[in-house]
Amino acid sequence: MATEAAPRQPTPAPVVGALRTRATRFGELSRDVLRNPTTLVGLLLIVALISIAIFAPLLVEPNTPDPYQMPRDWGALNEPPGTPGHVLGTTPHGGDVLYGVIWGARTSLRLSLIVVSVTVVIGLIVGSLAGFLGGKIDEFLMRLVDVFLSIPELIFALAIAAVLGPSFANIVLALAAVFWVKYARIIRGQVITIKQNEYVDAARVIGDSRFRIFMKDVLPNSITPVVVQGTLDMGNVVLIGATLSFIGLAEAGLAEWGVLVSQGQAGISAGRWWASTFPGLMVFLWALAFNLVGDGFRDILDPKTESKR
Amino acid sequence: MTATIGSTGTADATLRGEIAISVRDLQKHFPIREGALQRVAGHVRAVDGVSFDIKRGATVGLVGESGCGKTTLGRCVSGLTDPTFGGVYFDLTEADHANLVALLAVPENDRTDDMKRELETLDKRHRIDKLGKKDWIRYRRNCQVVFQDAFASLNPRHLVREIVGRPLKVHKEASGEELTERVVELLERVGMGRQHLYRYPHQFSGGQRQRISIARALALDPELIVLDEPTSALDVSVQAQILNILHDLQSQLHLTYLFITHDLSVIRHMADEVVVMYLGKVAEVGSTDDIFDDSRHPYTHALHRASPDLEDDPDAEFVTLEGSVPDPARPPKGCRFHTRCPVATSVCGWEVDDVVRALEDAGGSHFGSLTDVTRHSDFSADLVLTDEKAAVALEEALRSDRVPAAARGAIVELSREGSRVRVSFQEVPEVELTERGPGHVAACVLDQSMRA
Amino acid sequence: MTTARAPQPGGRTDEAVAVASVVGLKIHFESKAGRVHAVDGVDLDIRDGETLGLVGETGCGKSVTARSFLRLIPMPPGIHAGGAVLFRPHQRCPDCSGIGCSVCDDTGRLPVPCPHCRGSGCSVCGDTGFETIDLSALPEQELRKIRGDRIAMIFQDPAKALNPAMTVRDQLAEAFYQHRTGEVLELAGLADSSNPLLRRHAGQRSRLIERALLSSPGLRSQRNQIETVVDSMVASALAETQIPNPVKVMERYPHELSGGMKQRVMIAQALACNPDLLIADEPTTALDVTVQAKIIELIKELQGRRKSAVLYISHDLSLVRRVCDRVAVMYAGRIVEVGRTEEIFASPLHPYTRGLLAAIPSRSQARGELVAIRGTVPELIDPPPSCRFVDRCSYAVAICRELDPILQAAESGHDVACFIHNPPAMAVELPTFTKRTS
């Protein structure tokens, strides 16, 4: 209680004061991240992978006209790593494995960002409506969610992609159709819990409108698990996306890790391990990194530990 | 700011009458849902016909045990829950109030069209769940709430400035620099200050958080503050700080309090008038002195005797109540307290269920062989047992001292026909609040002072 | 409460021996902000047969102290930073086999002579001549034998302390199976039975296969005998807590019972094995006042009959006044005052105790004039070596900030940790403290 006896400080300008507190809060958060070694490893991996994706055009010459298509060197099929011009070797179709690894990162980033942001938005809307309004709307939306949840996600995505034909866009669509349900559920549960808090009643007593109460009191306090799930899904989406393209649902020649693994797998028994191994490793690292960070967030953002800080 | 609050409170008081809030026959029922289809299987009558007035500038204490409906009543008064029946009236002049009481005294079916029209006009202007938008906003500003759990009632992601300044922002009273100054002023009122503006609720102790809640409640210059157990989560030394602050604010700002608590010593210390509730009904209303020194309801008396006080004789035994609070979905008939009342008489509303419960608690095995119950009325039923022997045993048990003497006295018919036992009790109406002194009413068939 | 004892080892007949002593106990917690000294050097004696109240505000360490008896504090984050919890267990009185006789003063329990010195007094038993166990250093397995048998605990929230998936009967039966195996066999008339299966069953160590074997026609009757015995033990334990119709309540699940009823079941469970020490951690805080009164009367009555020692933890001073023989007041991880209840309430010596008493609203105090203690409890992260109450104390002088007062006798049987009553050796200026006489 030293605070109450504290001498009067000179009046800080309101914005500065608020910023300072928020900055301290952010500082505390980042300190927690840095203190947890596994989260830190995950975070460094993510930074590395995303840098590869962003700087892909600088790392290797983009293919023309479509840089997401593998360049083909028909003169160099199944070259081992270390071949001049093909550091990580080539695929049975003459694709440069290094190009695939680097531009595959870009494909993966694109895929996961689109899918996660679209599904989070859909889930947020559906879950909020169901949780905040309740009653018949809740009943209807949640039965809809139940229907989606009762279909195994991989098979469902497979079915969609199979019906719509093999293309990257359809993989995005298939994954989005599968992933939003989870967010709707999480948000609904959160909203229902949070709206029973007394500070929501307190806001009603003040006379604030329902919409503003939702935006200021309910939603910000419901969002934490979505951040965690979203981080985990950045990894999961790429994992399932790679699976789908592995079984041939992406267009041929796409610079995508799953496609490369699929192309290289036939050669593994013949000792041509490189075409599958490098992209496979990338999928592994990508999924690992986001899972490490997601789990770290879960611990750090846990409101129980947060309030004690 | 001080000046404005003070003047609105007093100057208009003469004009607007003495009564700040009038609660009239308030009822709130919650449905009990059952089964997969969530069918409504019955209603819990959380608040079941409560009437009382709160005078301007006074503190009314609302006491009772958990489940008596005091919190629900508080939520109805603060407009967070709409009542099922009856209502909360505000801004009544003396004449309006008298008129309203007279109108509501007439049973609904006997009201003439004129009466109905008059009631409707009164409702539209004064009943808080029927107000027009403008009047509703006025009431919203006039009535604020301080909740029990100061941690749960402050948004953990908002800074103190946002929390305390929010009412001002919502009603577009201040913004920017002016808002900050107003917030500082409010914080100073509750013994905090500028240095607390930019902190989050979790950075404060329980007592400080409750101060922040009070500052927020004061922001709109309300007349009435509903205090829902404001100190039950606090330690005694901090509770003293908060109670002192509440007292000072009341005298400075001419506030009216509805103070909800289960703690009798706090009520005695804070309230001018006390409403004692039991199972959704008012047991007794009176001035604090009446309730503490001359209580006329056995339940009030039991509450006193069960609450330890530093001035009691430390070696005295607690006088305790038998049994537990009955199921509010099916409250006892007559007087709701009779099942636990130490001085219950035969006219307190005994019925079949009470006797069954009493026999079960006494360890009887009579009801293992019970096959069917036919109810003729609330007070009369046929109990069918498997065989004649069991029926004889039950009949004997009903006549024995395993059933409270008062309940036995209420039996008007007890007969047996084979394995069928018919038992009927004296039919009694629900007990009503009766006058015991000026402003002192109690709902008990007895009229004796309980402070012997 | 000092009960006259029959001649005991070491020839001690005077004051009741402490059944448990906390000696310089320090329990710290590691947190992000630093090391929290939650319990920081607590000394406490609980005498045989007395009810000792441990009072203090939230976060003063009273619950941590109580839990350290049974080592219920998770470590980490908890750290046992020093001190010990000594316990002197009793045995069943051999003269009356636990029923109560003149030798054991109707308690059915007698202290055990110290195995090291055979009752003549040594360093292990602290010169008491009775067996003394350091609970803070006891192996987990040994501790388990003491938990629920010699030391039992009642928690604040009975709804959380009872297993929702077990009937009342099963929860209570566990205590008998665990700690009263021999007695169960004896009462079932199977004391001489050498059948290991039955012995294991009575100790609740039987496996599914063994239980299946026990269902075989030859053994079933014996198995049923054991269960009937345990059932009747459970029923009588419940009946003792004045639960109406215990046979019926036995078959219920916790959620079918009211709060007061659940707390009675907890008490029945705690007293099932006639413990030497009962720790009641705010047993009535979650209950309504009329129910609280019943539970308090029940604890008082049972304690009077069983003469177990009770450590009663509460924040409610007016309640403690009605229940306890002695009171220890705790503040910020320390005991600041301890003495007989009448003395503490009539003439409190520590400024904190005084403040606490004045803060309770009562009839005679006018509105708005409660004497609140200013400020709040200090942070217990690496506290400085000064009196912990100094920032809130209206009597504080310079010395209070420099030195840490220790708990010393100010009057006979009334200890206080304050320089006003126990001036330090050096000459310092001290405030005047008018003693309150009520």
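Quick caveat: nothing in here was measured; it's all calculated off a predicted structure.

**With respect to the overall build of chain A**
Along chain A, the regular secondary structure elements total 14 helices and zero strands. In chain A, the order of α-helices and β-strands from amino to carboxyl end is α-α-α-α-α-α-α-α-α-α-α-α-α-α. By residue count, 41% of the 309 residues in chain A fall in the buried class. In chain A, the share of contacts with a sequence separation of at least 24, taken over all contacts with a separation of at least 6, comes to 70%.

**As for helix α13 (residues 352–361) of chain B**
Within the span of α13 of chain B, buried status applies to V352, D354, V355, V356, A358 and L359 of chain B. On its buried face, α13 of chain B is in contact with β11 (380–385), α14 (388–399), α15 (405–410) and β13 (420–425) of chain B.

**Some words on the packing of helix α8 (residues 168–195) of chain A against helix α10 (residues 210–222) of chain A**
All names here are of chain A. One can describe the packing of α8 onto α10 by two numbers: an axis separation of 9 Å at closest approach and a directional angle of 130 degrees. Taken together, the axes of α8 and α10 lie oblique to each other. Regarding α8 and α10, the two cross each other, and that crossing is right-handed. Residues I187, Q190, V191, I194 and K195 of α8 touch α10, and the partners they reach there are V218, N221 and S222. Here the residues of the contact of α8 with α10 sort into four nonpolar, three polar and one charged.

**Describing the nonpolar core**
Counting residues in each nonpolar core, the largest one holds 318 residues, and the members touching the most others are L258 and F259 of chain B together with L311 and Y312 of chain C. Top element by residues in this core is α8 of chain A. It accounts for 15 residues. Not counting the four nearest positions on each side in its chain, L258 of chain B is found in contact with I54, V60, L62, G74, V77, L224, V226 and L227 of chain B.

**Regarding the interface of chain B and chain C**
Tallying the contact residues gives 38 residues for chain B and 36 residues for chain C. Of all the secondary structure elements, the ones that give two or more residues to the side of chain B that touches chain C are α9 (236–253), α10 (264–270), α12 (298–306) and α13 of chain B. Per-class residue counts for the side of chain B that touches chain C are 15 nonpolar, 14 polar and nine charged.

**Digging into unusual backbone geometry**
Although it is not a glycine, D91 of chain B adopts a positive phi angle of roughly 65 degrees. In this fold, D91 of chain B is placed in the loop between β4 (85–90) and α3 (94–105). Looking at D91 of chain B, the number of C-beta atoms within 10 Å reads 21, which means it is buried. With a phi close to 45 degrees, E282 of chain C is a non-glycine residue in the positive phi region. With respect to the helices, strands and loops of the structure, E282 of chain C is situated in the loop between β9 (277–281) and α11 (289–306).

**Some words on the pairing of β4 of chain B**
Side chains on a regular strand alternate between the two faces of the sheet. Residue and element names in this part refer to chain B. Within β4, five of the six residues are buried, leaving the element largely enclosed by the surrounding structure. Where strand β1 (residues 19–34) meets β4, five bridges bridge the pair, whose relative direction is antiparallel. Residue pairing in the sheet places V23 in a bridge with V88 of β4.

**Regarding helix α2 (residues 70–77) of chain B**
Residue and element names in this part refer to chain B. Most of α2 is tucked away: eight of the eight residues are buried. K70, T71, T72, L73, G74, R75, C76 and V77 are the residues of α2 that are buried. A positive phi of about 80 degrees marks G79, the residue just after α2.

**Points about the pairing of strand β1 (residues 18–31) of chain C**
All names here are of chain C. Judged from the 10 bridges that link them, β1 and strand β2 (residues 34–47) form a sheet pairing that is antiparallel. Looking across to β2, one finds that F29 is bridged to V36. From the end of β1 to the start of β2, which pair antiparallel, there are two residues. Looking at chain direction, β1 and strand β4 (residues 78–87) are connected through eight bridges and run antiparallel. Its bridge partner lying in β4, I27 is registered against H80.

**Some words on the sheet that holds β13 of chain B**
Residue and element names in this part refer to chain B. Across the sheet, which stays open at both edges, the four strands sit in the order β10-β11-β13-β12 with antiparallel pairing between neighbours. With partners counted over all chains shown, the strands left at the sheet margins are β10 (370–377) and β12 (411–417), one partner each. Averaged over all neighbouring strand pairs, the angle between strand axes comes to 15 degrees, with direction disregarded. Pairing between β12 and β13: six bridges, direction antiparallel. Paired with L414 across the bridge in β13 is V423.

**Here we look at the environment of P31 of chain B**
Residue and element names in this part refer to chain B. Here P31 lies in strand β1. On the basis of neighbour count, P31 is assigned to the exposed category, with 12 C-beta atoms found within 10 Å. A sequence separation of 246 residues divides P31 from M277, and the C-alpha atoms of the two residues are 21 Å apart. Setting aside anything within four residues of it in sequence, one finds P31 in contact with V40 and H43.

**Topic: the packing of helix α9 (residues 198–206) of chain A against α10 of chain A**
Residues and elements named next belong to chain A. One way to put it is that α9 packs onto α10 with a least axis distance of 10 Å and a crossing angle of 150 degrees. Judged by the angle between their axes, α9 and α10 are roughly antiparallel. The way α9 lies across α10 gives a crossing that is right-handed. Residues Y199, V200, A203 and R204 of α9 form the contact with α10, whose participating residues are I213, D217 and V218.

**Things to note about the confidence of the model for chain C**
Looking at chain C as a whole, its pLDDT mean stands at 79, while 86% of the residues score no less than 70. Under a pLDDT of 50 for its full length, residues 1–14 of chain C has, in the predicted model, 26 contacts with residues more than four places off or in other chains.

**Overview of the environment of I406 of chain C**
Its location among the elements puts I406 of chain C in the loop between α15 (398–402) and β13 (408–411). Note: C-alpha distance between I406 of chain C and P424 of chain C (18 residues apart in sequence) is 9.9 Å.

**Overview of the sheet that holds strand β7 (residues 256–261) of chain B**
Residue and element names in this part refer to chain B. What the eight strands build is an open sheet, ordered β5-β6-β7-β3-β8-β9-β15-β14; its pairing is mixed. Unpaired on one side and paired on the other, β5 (143–146) and β14 (434–437) mark the two borders of the sheet. Averaged over all pairs of adjacent strands, the angle between strand axes in this sheet comes to 20 degrees, irrespective of strand direction. The sheet contact formed by strand β3 (residues 59–63) and strand β8 (residues 273–278) spans four bridges and is parallel.

**Remarks on the environment of V112 of chain C**
Residues and elements named next belong to chain C. Within the fold, V112 resides in the loop between β6 (109–111) and β7 (133–134). Accessibility expressed as a C-beta count within 10 Å gives 17 for V112, which makes it partly exposed. Spatially, the C-alpha atom of V112 lies 8.6 Å from that of G129, the residues being 17 residues apart in sequence. Aside from chain neighbours lying at most four places away, what touches V112 is P89, H90, Q91, F130 and E131.

What counts, and at which threshold
- Residues numbered from 1 in each chain as written.
- Chains lettered and ligands numbered in written order.
- Predicted model: local features only at pLDDT ≥ 70, side-chain atom pairs only at ≥ 80, totals over all residues.
- Helix = DSSP H or I, 4+ residues; strand = E, 2+ residues; numbered from the N terminus.
- Buried ≥ 20, exposed ≤ 12 C-beta atoms within 10 Å, placed from the backbone.
- Contact = placed C-beta atoms within 7 Å.
- Axes fitted to C-alpha atoms, helices over the stretch in contact; angles between N-to-C directions.
- Parallel < 35°, antiparallel > 145°, perpendicular 65-115°, else oblique.
- Left-handed = near helix turned anticlockwise from the far one by under 90°.
- Nonpolar A, V, L, I, M, F, W, Y, C, P; charged D, E, K, R; others polar.
- Core = buried A, V, L, I, M, F, W, Y, C linked by C-beta atoms within 7 Å.
- Pairing = 2+ DSSP bridges.
- pLDDT = per-residue confidence, 0-100.

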